[in-house]
Amino acid sequence: MSHDGVRLRAVMRSVVFLTAGALAVPTLASCGSDDESGKPLAAQDIAPAGRDLVADGGTLRWAVDDVPETLNTFQSDADDATTRVAQAVLPAMFRLDAQGRPQRDADYLESAKVVDTEPKQVVLYKLDQQAVWSDGREIGAADFAAQWRALSGKDSAYWTARNAGYDRIEKIERGANNLEVKVTFSRPYADWKALFSPLYPKDVMGTPDAFNDGARRKLKVTAGAFSVQKVDRKDKEIVLGRNPHWWGRPAKLSQIVLAAVPLDKRAAALADGSVDLAEIDPADASRIALAGRAKGTSTPLQGASPAGKDESKNESRQKKKLSKKERKALAKFLRQQDALRAFTVRRSLEPAYTQLALNGSEGPLADERVRRAVARALDRTELAKVVLKPLGLPAVPVGSHLALSGQAAYADNSGALGGQDTTEAQALLADAGWVPGGPVKDKGEKAAGSEGKKSKKTDDESEGGSDGQYIVGEDNKDPQDHTKKHGHGDESSKHLADGKQYDGRKVKQGGAPGAYAPKGTAAPADAKTGLLAKDGKPLALRFVLPSGTGSESLGAVADSISRMLEKVGIRTEITKVSDDSYFKDHIASGQYDLALYSWPASAFPATDARPIFAKPVPAADGSLNVEQNYTRVGTDQVDQLFDQAASTLDEDESAALVRKADARIWAAAGSIPLYQRPQLTAARRSLANAGSFGFQTPLYEDMGFLKKGATPSASPTKD
């Protein structure tokens, strides 16, 4: 997660899409009809054009959320802008292709392969002979070794976000010549292709001081198509310029300016020419589409129609009824709409999925049967349609926690839990002791969910009494009590885990295991309409959502989930909290029952996804170490499968082990993947090779503005 917060590799090593592939890398050939991984659900949308059609020169202004606090992707406060800078200016040994699979970056590597497995795994990198840093020094073993030492975890003076993979390296040495780097591992590591991407110069990695502070605000030495020219915190922008020492295809653009523009200001920034490229929310996407349709029609906002003249008269009469302030706002809006005709919306799917998280640490959801009942009550296809269908994107539910369609480890393992089945959900709840019409304690006593532990109202919740809360299932109240109580989140807000570890309370172990209710268990006759109770407590779950800018989509999904759960007798209490508080005070600390947030898909799930699904373990101080497993649901078997997958050098066998782990994660019902996130990017119509990239990393040197009269081709050339 960007509009959805910090993304997966930001959570774990502060860079997430850093290994996404170049445009010029061809798509992998199909692995055969029996390949479970399938194909990406949506192609990237970047207006591809051959380099001969792209003009030399020009400046691309690209919106980012903020000027990054650090340019070191391996620090905990790195963000999306850190990643973009690194992609443009630093080497990466491997990047992802259009299917989310790692491919060698030929600008830096002639080859990289495992040359020995006994007695230990040895990987030999052969570097391109032209690969040099911007100060003229060759890229070599000294840079690899410095990065390994900094990220190995052996020296606590380095303030690193994580050391996964680097902690398995035993030594790094020069090969037969200066262009060869030999890496020996102390134990087998399947995800070795994840390492040294990006690769920083030894000047940055060589000492703790240089690592901690030297690369936070500047990068003097780089080795990409671009270099960092200026980090301007006053004007909130980073300027990247052509690297004169770059040996690859020269960059088409003279400069790329990463300009900090908040999500809710991007339509205005596009309209006034401040930016040429920006990720946007669905509302702004609709504005731009409307502006495009309005071109050449009778009015700026309407298409041509037989009644065009009458409509113009009606519009004039309506304008006269507006106040001066309203007329001024309308005029501004129409000017912006006119300017937005120069833009188009490029649509794809992000390499990330939104899930429903179920907090299994206590309360009703500590019982696996209740978690399974929640999952079986959901129609995931309908939930995907809520977000994706209006955007014209494929509304296909995600079938894996660990990969997305097209990636090597993907397989739809949702059958391990089962699809939507109201009868089965009701039977599971009945088996867990939740029955309709049971006696309920007075309202002053605690409810069954974690809401019952809720303390006095905090500042992060919506103002105005209980306006931050809407209880589904209490429809006998005056509608005025909850007309404004729906919590709303948004897929365009991109709320993702912030990676801060939780040291919270001890998990209460409870609930009987089991995939389904015992055979023959009947659902209560009146379960379709009656809300459930047990031991005098109603089955009420606190559903926590962020409430930031552009939060409509998550709210709509939450409302749909609540209605689905109500059908099986589960009441939900939707509570909105501020974005700043969402993860820190609720998700990471376990103060929720249900929540919606997203995880990016990694090409290296055995390494990157393990902390997300690892079984929580007690810490020395008696607290619970959950790593990034905010659902607090995990098993020893899943951990073992991750460990085996990370240590298996056969790629097919490793992928099979990841799929087995995913099936076990489904069965535990701690999190329910819903849909792949939409990726909406507003781009100037003349901009080529940029937009919604899907799995692939942008190829920065091919971005540019089309020559006069040129139109995008089917695919970019390599010339």
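Calculation rules
- Residues numbered from 1 in each chain as written.
- Predicted model: local features only at pLDDT ≥ 70, side-chain atom pairs only at ≥ 80, totals over all residues.
- Heavy atoms only, no water.
- Helix = DSSP H or I, 4+ residues; strand = E, 2+ residues; numbered from the N terminus.
- Buried < 20%, exposed > 50% of the residue type's maximum accessible area, 1.4 Å probe, protein only.
- Areas by Shrake-Rupley, 256 points an atom, 1.4 Å probe, with all protein chains shown as cover.
- Pairing = 2+ DSSP bridges.
- Axes fitted to C-alpha atoms, helices over the stretch in contact; angles between N-to-C directions.
- Contact = heavy atoms within 4.5 Å.
- Patch = residues over 30% accessible without salt bridge, like charges linked within 9 Å, V, L, I, M, F, W, Y side chains within 5 Å.
- Salt bridge = Lys/Arg side-chain N within 4 Å of Asp/Glu carboxyl O.
- Lys, Arg positive; Asp, Glu negative; His and termini not counted.
- Charge placed at Lys NZ, Arg CZ, Asp CG, Glu CD.
- 1 Å grid on protein atoms, 1.4 Å probe; cavity = no way out; pocket = protein on both sides within 12 Å on 5 of 7 lines; lining within 4 Å.
- Points joined across faces, edges and corners; volume = space filled by probe spheres on them.
- Nonpolar A, V, L, I, M, F, W, Y, C, P; charged D, E, K, R; others polar.
- Polar contact = N/O pair within 3.5 Å; in protein donor to acceptor, adjacent residues only side chain to side chain.
- Phe/Tyr/Trp six-rings, centres within 6.5 Å; stacked < 30°, edge-to-face > 60°.

- The name that an unreviewed UniProt entry assigns to the protein is ABC transporter family substrate-binding protein, with the source organism given as Streptomyces sp. R08.

Structural notes on the overall build of the protein
- Along the protein, the regular secondary structure elements total 18 helices and 24 strands.
- Within the span of the protein, comprising 719 residues, buried residues form 57% of the whole.
- Split by element, the accessible area of the protein, about 29100 Å² in all, is 49% carbon and sulfur.

Re the pairing of strand β5 (residues 122-127)
- β5 sits mainly inside the fold: 5 of its 6 residues count as buried.
- Bridging between strand β4 (residues 109-116) and β5 involves 6 bridges; their strand directions are antiparallel. Across the sheet, residue S111 finds its bridge partner in β5, namely K126.
- By the bridge criterion, 5 bridges tie β5 to strand β7 (residues 180-185) in an arrangement that is antiparallel. By the bridge assignment for β7, L124 is matched with K182.

Points about the sheet that holds β4
- Strand order in this open sheet of 4 strands is β4-β5-β7-β6, and the pairing throughout is antiparallel. Only two strands of the sheet have a single partner each, and these edge strands are β4 and β6 (169-174). For this sheet, the mean angle separating the axes of adjacent strands, direction not counted, is 15°.
- The strands that helix α3 (residues 141-151) touches are β5, β6 and β7; relative to β6, the one it contacts most, it runs at about 160°.

A short note on a positive patch on the surface
- Residues K265, K324, R327, K328, K332 and R335 make up a contiguous surface patch of positive charge.
- For K324, the location among the structural elements is in helix α9 (residues 324-339).
- Assessed through its relative accessible area of 69%, K324 is described here as exposed.

Examining the layout of surface pockets
- Put simply, the second largest pocket is a space of about 710 Å³.
- Lining of the second largest pocket is provided by 31 residues; of these, P102, A408, E651, D652 and A655 occupy positions nearest its centre.
- Contributions of two or more residues to the lining of the second largest pocket are made by β3 (102-104), α15 (605-608) and α18 (651-668).
- For the lining of the second largest pocket, the leading source of residues is α18, giving 6 residues.
- Here the lining of the second largest pocket is built from residues that sort into 17 nonpolar, 7 polar and 7 charged.

A short note on helix α2 (residues 80-89)
- α2 sits mainly inside the fold: 10 of its 10 residues count as buried.
- Residues of α2 that are buried: D80, A81, T82, T83, R84, V85, A86, Q87, A88 and V89.
- The opening residue of α2, the one whose side-chain oxygen lies 3.1 Å from the backbone nitrogen of A81, is D79.

What to know about unusual backbone geometry
- With omega at 0°, the peptide bond leading from E118 into P119 counts as cis.
- Note on placement: P119 falls in the loop between β4 and β5.
- Look at the link from S197 to P198: it is a cis peptide, with omega at 10°.
- Residue position: P198 is located in the loop between β7 and α4 (202-205).
- One non-glycine residue, E627, adopts positive backbone phi at about 50°.

What to know about the packing of aromatic side chains
- If you walk through the whole model with that rule in mind, you get 21 aromatic pairs.
- Seen from their ring centres, F94 and W192 are 5.7 Å apart, and the 85° between their planes marks the pair as edge-to-face. Of this pair, F94 sits in strand β2 (residues 94-96) while W192 is found in the loop between β7 and α4, placing the two residues 98 residues apart along the sequence. The residues F94 and W192 share a single accessibility class, namely buried.
- Their ring planes at 55° and their centres at 6.1 Å tell us that Y108 and W246 sit as a pair that is tilted.

Re the environment of G569
- Looking at the element boundaries, G569 is found in the loop between α13 (552-566) and β18 (571-577).
- Exposure remark for G569: the relative accessible area of 0% places this residue in the buried category.
- Between the C-alpha atoms of G569 and L429, which are 140 residues apart in sequence, the distance is 8.9 Å.

Examining the pattern of salt bridges
- A full pass over the atoms with the stated rule returns 27 salt bridges.
- Note that D203 is salt-bridged to R137, the shortest N-O span being 3.7 Å. With D203 in helix α4 and R137 in the loop between β5 and α3, this residue pair connects regions lying 66 residues apart in the sequence.
- Judged by relative accessible area, D203 falls into the partly exposed class, the value being 45%.
- A residue is classified by how much of its surface remains accessible, and R137, at 23% relative accessible area, is partly exposed.
- With a closest N to O distance of 3.7 Å, K171 and E173 form a salt bridge.
- K171 gets classed as partly exposed once you look at its relative accessible area, which sits at 37%.

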